[in-house]
Amino acid sequence: MRKIILVLFLLSFTSAYPQSKDTSDYFTVGIIGGSYIGEGQLYVMNNFFNSLGMELEYFKTDNLSFFAKGLFGFTGNDVKELYDIPDEIILTELMNPETYRIIVNFGARYYLRKKNVNPYIQFSLCQESNYIGSLSYVQDGWNLWQKKPGYEYNYYAAFGIGLNVKLSGKMLFDFQYDIYRDLQGNKFKAFSAIGGFKFVL
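Residues numbered from 1 in each chain as written. Predicted model: local features only at pLDDT ≥ 70, side-chain atom pairs only at ≥ 80, totals over all residues. Heavy atoms only, no water.

Overview of the overall build of the protein
Heads up, the condition is: A run of H or I in DSSP becomes a helix once it reaches four residues, and a run of E becomes a strand once it reaches two; helices and strands are each numbered from the N terminus. Categorising residues by exposure relies on relative accessible area from a 1.4 Å probe, with only protein chains included: less than 20% of the type maximum marks a residue as buried, more than 50% marks it as exposed, and the intermediate range marks it as partly exposed. Note on contacts: a residue pair is in contact if any heavy atoms of the two residues lie within 4.5 Å. To be clear on the numbers: accessible area is Shrake-Rupley with a 1.4 Å probe, and residue cover counts the displayed protein chains and nothing else.
Each helix and strand in the protein was counted, giving two helices and eleven strands. Each helix (α) and strand (β) of the protein, taken in turn from the N terminus, gives the series α-β-β-β-α-β-β-β-β-β-β-β-β. Residue burial in the protein is summarised as follows: out of 201 residues, 36% are buried. Taking contacts inside the protein between residues at least 6 apart in sequence as the whole, the part at least 24 apart equals 60%. A total accessible area of about 12,300 Å² is found for the protein, and carbon and sulfur atoms account for 63% of it.

Structure (structure tokens):
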């Protein structure tokens, strides 16, 4: 008799508090763009829009997801700007280098709620790759200066907040802001403000 009463009690409890619909275990992919400002030799031509990329996000649970994103940064290539050469120094036979920046993040994201407007916090590890191509110039008519192409790498821990807005069943708008802490120097050295549209796969 006690067993029957216990079973009836459990059935009544589960019916009174039904399980929420499971919306986990799916992917979103998006096109993102905006501003990434970092320290170092490279400089950006536009502080408001200088990066374009993609993000892939996997929802493990309703509130927890994992993501990978990559940004291609558009950077300036003026030799005087890159190497802080004063304007009064005359450069001839100048060959400006090809330059660009690639930022790759892998991290986790926690959503504070899951409705039409969803704020979240996020943490990621980041590699920043800065490329400066071949360059050469003649300074003051006689001093030839050349440099071979090469990469400079920086590694960061990124801390951020964001907002995800549901536009339809398959389309989302996302905005996120991150600050980047140097893993070697232990200082904040970069930040980004990125937005874009995502699609549920």
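Structure's up, so let's keep going.
Notes on the layout of surface pockets
Cut-off, in case you're wondering: Definitions used for this entry: grid spacing 1 Å over protein atoms alone; cavity, a set of points where a 1.4 Å probe fits but cannot get out; pocket, an open set with protein on both sides within 12 Å along at least 5 of 7 lines; lining residue, one with an atom within 4 Å of a point. Grid points are joined across faces, edges and corners, and a volume is the space filled by probe spheres set on the points.
Taken as a whole, the largest pocket encloses approximately 260 Å³ of empty space. Lining the largest pocket we find 14 residues, and of these Y26, K114, K115, N118 and K166 sit closest to its centre.

A few points about empty space enclosed by the protein
To keep it simple, the criterion reads: Under the scheme applied here, ten amino acids are nonpolar (Ala, Val, Leu, Ile, Met, Phe, Trp, Tyr, Cys and Pro), four are charged (Asp, Glu, Lys and Arg), and all others, including Gly, are polar.
Applying the stated criterion across every chain, the model contains one cavity of 30 Å³ or more. Of the pockets and cavities examined, the largest cavity occupies roughly 30 Å³. Forming the boundary of the largest cavity are Y36, V44, N50, S51, G73, F74, T75, R101 and I103. Looking at the lining of the largest cavity, its residues break down into four nonpolar, four polar and one charged.

Things to note about the nonpolar core
For the record, the criterion: Nonpolar core, defined: a set of buried Ala, Val, Leu, Ile, Met, Phe, Trp, Tyr and Cys residues in which side-chain atoms within 4.5 Å join the residues together.
Counting ten residues, the largest nonpolar core is built from I32, Y36, L71, I103, C126, Y156, A158, Y180, A190 and I194. Of all elements in the fold, only β1 (26–38), β9 (150–166) and β11 (188–200) reach the threshold of two or more residues within this core. The contact partners of Y180, leaving out residues within four places of it in the chain, are Y36, N105, C126, Y156, A157, A158, K187, F188, K189, A190, F191 and S192. Within the second largest apolar cluster, nine residues are counted, among which are V79, I132, L135 and Y137.

Quick look at the sheet that holds strand β3 (residues 64–73)
What counts here: One bridge is not enough; two strands pair if DSSP finds at least two bridges between them. For helices, the axis comes from a line fit to the C-alpha atoms of the stretch in contact; other axes are also lines fit to C-alpha atoms, and the angle between any two N-to-C directions lies between 0 and 180 degrees.
Reading around the barrel, the eight strands line up as β1-β2-β3-β5-β6-β9-β10-β11 and close back on themselves, with antiparallel pairing between neighbours. Each strand axis lies, on average, 25° off the axis of its neighbour in the sheet, ignoring direction. With eleven bridges connecting them, β9 and strand β10 (residues 171–182) associate as antiparallel partners. Bridged to Y156 within β10 is D182.

Comments concerning the side chain of N118
Worth spelling out the cut-off: Polar contact is defined as a pair of N or O atoms within 3.5 Å, subject to the rule that within protein one atom must be able to donate a hydrogen and the other to accept it, and that residues adjacent in sequence are counted only when both atoms are side-chain atoms.
By the secondary structure assignment, N118 is in strand β6 (residues 117–132). Among the polar contacts made by the side chain of N118, one reaches the main-chain amide nitrogen of K115 at a distance of 2.3 Å. Setting aside residues no more than four positions away along its own chain, N118 makes contact with Y111, R113, G162, L163 and N164.

Here's the deal with the confidence of the model for the protein
The cut-off we apply is this: pLDDT: the predictor's confidence for each residue, scored from 0 to 100.
Across the protein, the average pLDDT comes to 85, with 89% of residues at 70 or higher. Note on residues 1–22: pLDDT is under 50 here. Beyond four places in sequence and across chains, it has two contacts.

Details of the packing of aromatic side chains
We count it as follows: Working definition: rings of Phe, Tyr and Trp (its six-membered ring) pair if their centres are within 6.5 Å, and the pair is stacked with planes under 30 degrees apart, edge-to-face with planes over 60 apart, and tilted otherwise. Only when the NZ of Lys or the CZ of Arg is both within 6 Å of the ring centre and within 35 degrees of the ring normal is a charge said to sit over the ring.
All told, the structure shown has 15 aromatic pairs when counted by the stated rule. Considering the side-chain rings of F72 and Y100, the 5.5 Å spacing of their centres and the 25° angle between planes classify their relative orientation as stacked. In this pair, F72 is assigned in strand β3 and Y100 in strand β5 (residues 99–111), connecting sequence segments 28 residues apart. The lysine or arginine in question, R109, covers the ring of F67, its NZ or CZ lying 4.2 Å from the ring centre. The cationic tip of K114 hangs over the ring face of Y111; the distance from NZ or CZ to the ring centre is 4.6 Å.

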